[in-house]
Amino acid sequence: MKLTDSKKDQFRRLARDYGYRSRSAFKLKQINNSYRILNKGHCVVDIGCAPGGWIQVALAEVGNKGKVIGVDIKKIEPLKDAFVIQGNIEHEDIINSILKISNSHVDVVLSDLSPNVSGNWDLDHARQIDLSRNALKLCNRILKKGGKAVFKVFQGDMLNELISELKKEFKRVIITKPTASRQVSSEIYLICIDKL
Ligand SMILES: C[S@@+](CC[C@H](N)C(=O)[O-])C[C@H]1O[C@@H](n2cnc3c(N)ncnc32)[C@H](O)[C@@H]1O
């Protein structure tokens, strides 16, 4: 068994033990432990939320005075205490639903958006960066001034341009790769602090 497979299995086992719907839940937990993105009482919008692992982590962090709104094209099994919207983040009606549920007050946007991966690095990178640009457009519509965001991105030659665009909208952008993310995977995470 390759080391990468054993790491994948380790987090899959942990996810089952902790009752998380995805291994990705541990990536958000590690990010949050390092950068304190989520706090009690926060309103969090999780885009690309299916099957719901990040929602579970966010619900635990924001507590009963907080709010978690998940959006995905895919249908997900309902999660107690979370608001889930099925639809495309690019569509105006979906943006309006988020604004309505959040009362136009969003503290944090989480984006774990992924295209259907083809295995072609350049194509998957381009599609993912395009999705991330749409996630940034959404942030510009819904995220409060001083808010935070986390973007999963695929590495490649268009990444620096996206980072420059993010730096125009946030005071600080930090690049990180949680240990729960496999080294062989091209994904990294951008932690965006203080929406301008
Ligand atoms: C890696 S999964 C998210 C996993 C999730 N963070 C978890 O912990 O369960 C990425 C998701 O992005 C969603 N997605 C891709 N493009 C989207 C779009 N334009 N609007 C909404 N969701 C989208 C996919 O349907 C997929 O479920």
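Before any of the text, the structure's been laid out above.
The present account deals with the structure reproduced in this document. Everything numeric here is computed off the predicted structure, so don't read it as measured data. (Residues numbered from 1 in each chain as written. Predicted model: local features only at pLDDT ≥ 70, side-chain atom pairs only at ≥ 80, totals over all residues. Heavy atoms only, no water.)

**Looking at the site of the ligand**
Rules: Only heavy atoms are used to decide nearness, and a residue is near a molecule or strand if one of them lies within 4 Å of it. Here a polar contact means two N or O atoms within 3.5 Å. Within protein one must be a hydrogen donor candidate and the other an acceptor candidate, and residues neighboring in sequence count only if both atoms are side-chain atoms. To be clear on the numbers: accessible area is Shrake-Rupley with a 1.4 Å probe, and residue cover counts the displayed protein chains and nothing else. Gly is put with the polar residues, along with every residue not named as nonpolar or charged; the nonpolar set is Ala, Val, Leu, Ile, Met, Phe, Trp, Tyr, Cys and Pro, and the charged set is Asp, Glu, Lys and Arg.
Near the ligand, the surroundings consist of 21 residues, among which S22, G53, D72, N88 and D112 are the closest. Between the ligand and the protein, one listed contact pairs an oxygen atom with a backbone N or O atom of C49 at 3.5 Å. In this structure, an oxygen atom belonging to the ligand sits 2.6 Å away from a side-chain N or O atom of D72. A total of 610 Å² of accessible area belongs to the ligand in isolation, and the protein chains cover 89% of it. Grouping the amino acids of the shell around the ligand by side-chain chemistry returns 8 nonpolar, 8 polar and 5 charged.

**Some points on the pattern of salt bridges**
In plain terms, the rule: The rule for a salt bridge is simple: a side-chain nitrogen of Lys or Arg has to be within 4 Å of a carboxyl oxygen of Asp or Glu. In this description a helix means any DSSP run of H or I spanning at least four residues, a strand means any run of E spanning at least two, and both kinds are numbered starting from the N terminus. Residue exposure (1.4 Å probe, protein chains only): buried if accessible area is under 20% of the type maximum, exposed if over 50%, otherwise partly exposed.
Counting across every chain of the model gives 11 salt bridges. R141 is the salt-bridge partner of E92, the closest N and O atoms lying 2.7 Å from each other. Placement of the pair is E92 in helix α4 (residues 92–101) and R141 in helix α5 (residues 121–142), with a sequence separation of 49 residues. Residue R141 is classed as partly exposed on the basis of its relative accessible area, which comes to 41%. Residue K152 pairs with D112 through a salt bridge whose shortest N-O separation is 2.8 Å. On the criterion of sequence distance, the pair formed by K152 in strand β5 (residues 143–154) and D112 in the loop between β4 (106–111) and α5 is long-range, its members being 40 residues apart.

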